[in-house]
Amino acid sequence: FISRKQISTMFNGVMRIMAKQYRGMLSKQLKPYGLKYDDLTVETPVMLKALSRCSPEVRLARDKRIKRAFDLSLKRKVLPPHIAEAQGDPFEPYLAHHMAQVEKENDLRAILHE
């Protein structure tokens, strides 16, 4: 028989492989438009509060990336490869840590108001 630990190890290995493939596929879809993964975050109250905590430069860069991607998509074009590669790692986070902080504050606020 196979133990639970062996099954868990196999499952985790398969998931790591699938995650790496998915990340590669997603990167190939983001880079031609110059987008970052955090740019795709749905605008919820938590996200908007987190975005407000980012520097003005980060917010401006995000707005420019989204507008450029929208424009390129409408024109059915993509960034030239040398420009797309110059955009850096699309998975470099700029928003996730702010969102986690806002969620913690909201959880604490909910506990205090109980």
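Conventions adopted
- Residues numbered from 1 in each chain as written.
- Predicted model: local features only at pLDDT ≥ 70, side-chain atom pairs only at ≥ 80, totals over all residues.
- Heavy atoms only, no water.
- Helix = DSSP H or I, 4+ residues; strand = E, 2+ residues; numbered from the N terminus.
- Buried < 20%, exposed > 50% of the residue type's maximum accessible area, 1.4 Å probe, protein only.
- Phe/Tyr/Trp six-rings, centres within 6.5 Å; stacked < 30°, edge-to-face > 60°.
- pLDDT = per-residue confidence, 0-100.

### What about unusual backbone geometry?
Where the residue is not glycine, phi is negative for most of them; where a peptide bond is considered, it is trans in most cases.
Right, on to step 1. Despite not being glycine, Arg 76 shows a phi value in the positive range, around 55°.
Right, on to step 2. Its location among the elements puts Arg 76 in the loop between α3 (56-74) and α4 (81-86).
Right, on to step 3. The class for Arg 76 is exposed, based on a relative accessible area of 77%.

### Focus: the packing of aromatic side chains
Right, on to step 1. Counted by the stated rule, this structure contains 1 aromatic pair.
Right, on to step 2. Here Tyr 37 and Phe 91 contribute two aromatic rings whose centre-to-centre distance is 5.8 Å and whose plane-to-plane angle is 40°, an arrangement assigned as tilted. One end of the pair, Tyr 37, is in the loop between α1 (4-30) and α2 (45-52); the other, Phe 91, is in the loop between α4 and α5 (96-112), and 54 residues separate them in sequence.
Right, on to step 3. Here Phe 91 falls in the buried class, since its relative accessible area comes to 17%.

### Things to note about the confidence of the model for the protein chain
When pLDDT drops low, the exact placement of atoms in the prediction is not to be read closely.
Right, on to step 1. When the pLDDT values of the protein chain are averaged, the result is 95; 100% of them are 70 or greater.
Right, on to step 2. Taken element by element, the predicted model of the protein chain shows its lowest mean pLDDT in α4 (93) and its highest in α3 (97).

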